[in-house]
Amino acid sequence: MAKKFDVSKMKEKLAEKKNGFEKTVTELKANGFKKNAHDFWYGKPHTAEPGGRRLGELYEDKTGLLKHREWRGVKDTLYYMYMIWGYNYVHMITDILKYSNNPIDFIKGTWRYRWMGQTYLPVIHWFERGLQGTRGEAMRASAWHYRAMVSASIQQICNFFNADTRLHNGAENDAYKHSIYANETTCGTLFYPFMDEGYKYIPIEMIPYFVTCHVNSHTVLNYIDAVQSIGLPGDPCPMCQAEAGIFVLDDVPDASPIVITCNEACDASVSTSTLQDWFADKPLFALPIPMQFDDPLVKKYCMKEIEEMWKFIEDQTGAKFSWDSMVKRLERQNKLQRDEWEKWEVASKTNYYPINGVAQALFRIFSTQYGIQGDFWEEASEKVKKIMYKCVEKKINPFPQTRHRVIAWSCAPLYFSNWCTWAYNCWGLNVIINMDSLMFDMEIRTDSYENMLEDVVQYHMWAPMRRMAVGGMHHIFELWDYQKKFNCDMVAMYDQLQCKGMQGVHGLFEDEFRKRNIKAFWLPHALPDSRTVSRAEIRRQINDYMSTVMHEEPLDPSLLDFDDSMTW
Amino acid sequence: MKKCKCRIAKFFLKFLGIFFLANVALFVVFFFDLDGKLMFNVVEPFLKKHYDNMERKDTLKAPYEMNKFPKYDYET
Amino acid sequence: MKDLKHLIYFENLLQEANNELVKQAKADGKRAIGYTCYFMPEVLLDLPGCFSVRLRAPRCTSPDIATYYLSGRVCHYARSLMERALEGGYNFLDAQMATETCTATCRFQEHLQQKHLDSVDDMRIIDNDDFFCEFTDIPFKNNENSYQHFETQLRAHVLEPLNKNFGIDISDEALRKAVEEHNEVCRLINEIGEYRKLDNPTITGYEFHVIQLVSLACPKYLILPYLRETAEEMKTREPDLKKNFRCKVVLAGSENDDPDFTKLIESCGALVVCDRFCYGAVESRVPIVLDESKSVLRNIAEHYLKTSNCPRFMPQDEMRARKQRLAKLAKDYHADGVIIASNKFCEYWSYERVIDTFILQRDFGLPVCSIEKEYINSASGQLRTRFQAFVESVEIKHIQEGK
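Across its full length, chain A holds 23 helices and eight strands. In summary, chain A has a C-alpha radius of gyration of 24 Å against a globular reference of 24 Å for 568 residues, a match within 12%. In terms of principal-axis extent, the alpha carbons of chain A reach across some 75 × 65 × 45 Å. Counting all 568 residues of chain A, 56% fall into the buried class.

In structure tokens, the structure reads:
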């Protein structure tokens with residue numbers, strides 16, 4: 001039945017628009033020419049004073065869509081329009097042409113897989129949420145991190161669809177035979193030895209689950225519901241629930257002859273594999289990470305397991321371990337790591353680091369986990385370094401309204417990873433670094449096979465979230481060292497309600513915060529599930545802390561409370 | 001010659017005009033988030049409906065053979 | 001049936017961790033070594049000079065302080081252990097041999113450990129100057145690499161610390177002696193457990209659960225005489241003339257050291273004839289067979305990895321085989337169905353329960369009752385309703401099959 005046209009609602013909307021327009025006109029009149037011209041050229045200032053920008057007023061109620069995009073001044077608005085919005089739309093198409101064997105498969109895949117259709121199209125809004133309020137170098141540099149992530153995502157999507165037998169009438173084509181499925185928590189580094197021969201590491205859940213949550217948080221709820229519908233209780237880690245749920249809902253491409261599973265990060269990851277094995281029904285190799293990874297005795301065991309995995313791949317696919325292939329990519333990975341250290345040096349010692357909290361965290365976790373399978377990470381890193389050194393040379397502070405330098409610890413809410421952007425805009429909380437960025441924090445030696453293997457083991461054991469979230473207390477409480485190193489005066493403590501590892505140290509953190517007199521706020525969330533703790537609730541918790549404990553006033557009061565319950 | 005120059009100028013002006021109008025249109029789409037609104041209000045609901053109504057395999061009927069796969073143990 | 005002579009005594013022993021026999025062993029100068037998981041080989045903690053105590057926190061219903069430290073979102077078992085430890089209930093322990101075999105108990109044990117870090121204060125929960133807590137890395141697979149690794153770990157993190165701290169003899173001779181004693185416990189428990197296979201069993205699931213638990217929670221050398229006597233008593237025990245159960249079940253699942261839970265099931269008409277859960281006898285009472293071509297420790301390492309049915313094991317063949325083994329247990333014990341119980345917040349068993357529920361019914365034709373429970377459950381009306389409904393469904397199935 002056709003939807004009935006609601007005249008009264010339409011009238012209400014028009015009246016609202018009229019009011020808004022009249023308000024703007026009155027404001028412009030009151031501001032005077034000079035202020036208007038200044039605002040037009042530079043954008044409104046980031047201040048609580050009258051005449052400051054009010055980003056919260058840009059949102060449509062509930063949907064979180066923008067009534068209109070932010071006017072950032074002439075230069076930044078045009079840069080955003082052409083070099084971020086337009087550039088990325090164009091690249092979303094050219095990347096498909098670059099990575100896809102047949103673009104028709106891409107369309108077929110979009111039609112077939114929910115995570116694909118619902119996620120790919122709103123990508124630009126994901127940029128919008130992460131970059132809101134940024135200006136100048138912060139906007140330009142952070143956008144490059146996003147750009148690299150989109151490119152890596154498209155490559156993975158194409159890898160899926162190039163090989164998926166469902167899109168090729170059941171045929172196991174060459175791409176299928178050259179794909180290696182592994183849990184998303186099995187780092188890409190482990191598969192470098194086979195990449196020269198054209199083998200591709202496809203982290204099974206990275207796109208259907210992980211990226212999806214960030215871009216469109218609605219999608220993942222289908223998967224969580226699916227796995228609970230077959231009897232799984234609601235209390236295990238929702239990440240693992242969703243990872244199993246995509247299998248339950250038959251939404252995983254059939255794109256590889258084998259599967260590698262891993263126990264990173266926790267008990268639920270191990271258990272997810274039981275369901276995945278059932279539904280995938282393919283030869284499966286289980287790769288364990290030792291739990292007591294600080295114990296030097298576990299290294300030999302782990303080395304052997306990794307070597308067994310390589311043998312399994314050789315045995316099942318006919319691929320051959322190539323030392324050259326490994327070294328080539330490890331060296332590029334090491335360079336990326338050194339770049340990151342360079343950036344951290346600037347971030348820790350100056351106010352000139354141009355990457356915002358969300359762009360820092362996502363780029364780092366994505367690049368280290370996926371590994372070197374293209375040049376997008378390096379390209380973005382080079383561009384960011386260039387912008388960063390410009391900031392250093394010209395003493396540009398990309399986040400001039402910073403009131404507190406924040407370190408974010410534990411696992412972040414995937415559906416609200418852009419909370420950092422909001423927190424800066426609203427309260428001047430600048431998230432400098434986060435726990436996820438600090439894992440995989442090492443170079444891998446390439447001078448001999450033994451050294452390489454020993455380091456790869458260490459790298460593998462320092463995976464997110466094993467090292468800190470579920471690892472031994474020594475690593476969890478490295479927080480204080482990093483807080484000092486990055487010169488942060490405040491801690492944002494993520495409280496993933498279903499992470500047993502972090503819940504199990506809750507009290508000790510409380511004790512230490514009090515003992516050390518550290519300003520810290522807890523940020524409850526349920527990783528991908530926005531229904532458990534909404535974004536509004538997260539914001540409320542921070543607002544309460546900032547006003548009642550810190551006795552501060554918001555920089556942008558319009559961001560304190562708004563309803564974005566339906567937003568992507 | 002003059003006619004030719006005039007034609008080129010006309011073409012150039014026309015091109016500029018189209019370029020300008022295209023940019024204005026693009027700016028309108030960009031500034032008023034029309035792409036987001038289209039995705040949210042039209043494309044996504046349409047796709048959701050499609051995915052919700054899609055025929056899916058009953059995964060619970062998938063076989064679970066006990067001895068289908070060997071123990072993957074390798075000498076290293 | 002006539003009451004078992006020592007049942008009340010056994011029940012009393014289970015009222016607290018520091019029970020009469022533990023106190024007696026301590027008075028004998030022996031060291032009490034705590035542990036929580038099957039993967040910590042009990043037999044190594046029963047070397048001459050020390051004894052194992054598998055930790056329990058009976059009657060702990062309100063773990064308030066533990067909830068502050070571990071939060072209310074980890075399993076009640078771990079929180080109960082923590083609460084009992086904070087109350088001083090484990091101060092008799094001389095050491096805790098810890099494993100990170102599940103996150104929740106790992107965190108509990110980390111709180112016990114003196115870590116000597118600058119970054120976090122140690123809590124000194126166990127008020128005993130000699131106390132130490134040592135972690136062992138437990139493999140996720142049962143392959144050659146894992147056996148080697150486990151042996152190395154057990155030597156470095158169990159035997160050597162016991163020797164270094166308490167002068168415990170860790171020679172092969174001492175190990176053999178411990179294995180011998182362990183095997184006798186296994187033999188007696190299995191002998192008693194065999195009566196559950198009878199058409200009309202002469203032992204209830206509750207009684208067996210109590211007997212199995214005392215064998216885990218008390219010093220072996222002190223409990224053995226009682227077990228011997230009970231095994232003898234069982235030989236002549238007569239069943240009730242009329243069967244007082246409506247069906248037989250295998251109880252499988254996660255941590256369960258609460259015999260009242262078994263009692264609850266049996267009060268609904270389902271006799272528990274097999275106990276395949278953490279703290280159950282299916283794995284822990286398989287005797288250790290020593291292969292003389294390998295070291296004793298290697299034998300022990302292999303034994304514990306080979307016998308475990310824990311959903312923590314990751315290899316594909318193992319994941320699938322354990323469903324088959326569970327179905328076989330139902331057959332061996334003539335069970336009519338399976339009750340799979342996972343503790344709330346137990347991630348391993350939450351998943352395993354789901355897949356078991358489907359596969360056992362679909363591929364093995366076994367009725368399954370799938371439930372989620374707390375650490376202490378005896379008063380649960382909801383569970384009672386579930387079990388009653390399950391028993392009825394099994395009976396209806398029997399009627400339909402013309403049995």
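Below, the discussion takes up the interface of chain C and chain A. Counting residues at the interface gives 45 residues for chain C and 51 residues for chain A. When residues of the side of chain C that touches chain A are traced back to their parent elements, those giving at least two are α4 (64–70), α6 (103–112), α7 (144–166), α14 (316–332), α15 (347–364) and β8 (368–373) of chain C. The element contributing the most residues to the side of chain C that touches chain A is α15 of chain C, with eight residues. Grouping the constituent residues of the side of chain C that touches chain A by class yields 21 nonpolar, 11 polar and 13 charged.

Another aspect to go through is the interface of chain B and chain C. Opposite the seven residues of chain B that make contact, chain C presents 11 residues. Considered class by class, the residues forming the side of chain B that touches chain C number five nonpolar, no polar and two charged.

With that settled, consider the pairing of β8 of chain C. Burial analysis of β8 of chain C places five of its six residues in the buried class, which makes it a mostly covered element. As a crossover connection, the stretch from strand β7 (residues 337–343) of chain C through α15 of chain C into β8 of chain C is right-handed.

Residues and elements named next belong to chain C. Their axes nearest at 8 Å, the elements helix α9 (residues 205–217) and helix α11 (residues 259–267) cross at an angle of 170 degrees. Classed by the angle they form, the pair α9 and α11 counts as roughly antiparallel. Side by side, α9 and α11 meet where Gly205, Tyr206, His209, Val210 and Leu213 of the first sit next to Pro259, Thr262, Lys263 and Glu266 of the second. Its residues assigned to classes, the contact of α9 with α11 comprises four nonpolar, three polar and two charged.

Take the nonpolar core next. Core analysis: the largest hydrophobic core is formed by 326 residues, its most contacted members being Ala423 of chain A together with Val214, Val249, Val250, Ala270 and Val338 of chain C. For this core, the leading source of residues is helix α6 (residues 136–163) of chain A, giving 16 residues. Each residue touching Val249 of chain C, except ones within four places of it in the same chain, is listed here: Ala270, Val272, Val273, Ala335, Asp336, Gly337, Val338 and Ile339 of chain C.

What follows is about the domain arrangement of chain A. Residue and element names in this part refer to chain A. Each domain of chain A was delimited in the assignment, giving domain 1 (20–131 + 133–142) and domain 2 (169–324). Once you take the C-alpha centre of each, domain 1 and domain 2 turn out to be 35 Å apart. The partner domain 2 presents 12 residues to the nine residues of domain 1 that form the contact. Where the side of domain 1 that touches domain 2 is concerned, the elements lending two or more residues are α4 (114–120) and α5 (123–131). Each residue belonging to the side of domain 1 that touches domain 2 can be placed in one class, and the counts come to five nonpolar, three polar and one charged.

What counts and how
- The residue numbering used here restarts from 1 in each chain and proceeds along that chain's sequence as written.
- All chains are assigned letters beginning with A, and all ligands numbers beginning with 1, in the order in which they are written.
- The predicted origin of the model limits local features to residues at a pLDDT of at least 70 and limits the giving and counting of side-chain atom pairs to 80 or more, whereas totals for whole chains, interfaces and linings rest on all residues.
- Strands here mean DSSP runs of E at least two residues long; helices mean DSSP runs of H or I at least four residues long; both are numbered from the N terminus.
- In this treatment the radius of gyration is a C-alpha quantity, and the globule benchmark scales as 2.2 Å times the residue count to the 0.38 power.
- Three exposure classes are used, based on other C-beta atoms lying within 10 Å of a residue's own C-beta, which is placed from the backbone: buried for 20 or more, exposed for 12 or fewer, and partly exposed in between.
- Any two residues are considered in contact once their C-beta atoms, placed from the backbone, lie within 7 Å.
- Residue polarity follows a fixed list, in which Ala, Val, Leu, Ile, Met, Phe, Trp, Tyr, Cys and Pro are nonpolar, Asp, Glu, Lys and Arg are charged, and the others, Gly among them, are polar.
- Look down the strands so they point away from you; if going from the first strand over the helix to the second traces a clockwise path, that crossover is right-handed.
- To get an axis, a line is fitted to the C-alpha atoms, and for a helix only the part in contact is used. The angle between two axes follows their N-to-C directions and goes from 0 to 180 degrees.
- Comment on the angle field: the value is read as roughly parallel under 35 degrees, roughly antiparallel over 145, roughly perpendicular from 65 to 115, and oblique elsewhere.
- Nonpolar cores are identified as sets of buried Ala, Val, Leu, Ile, Met, Phe, Trp, Tyr and Cys residues joined via C-beta atoms within 7 Å.
- An automatic or database domain assignment is the source of the domain bounds shown.

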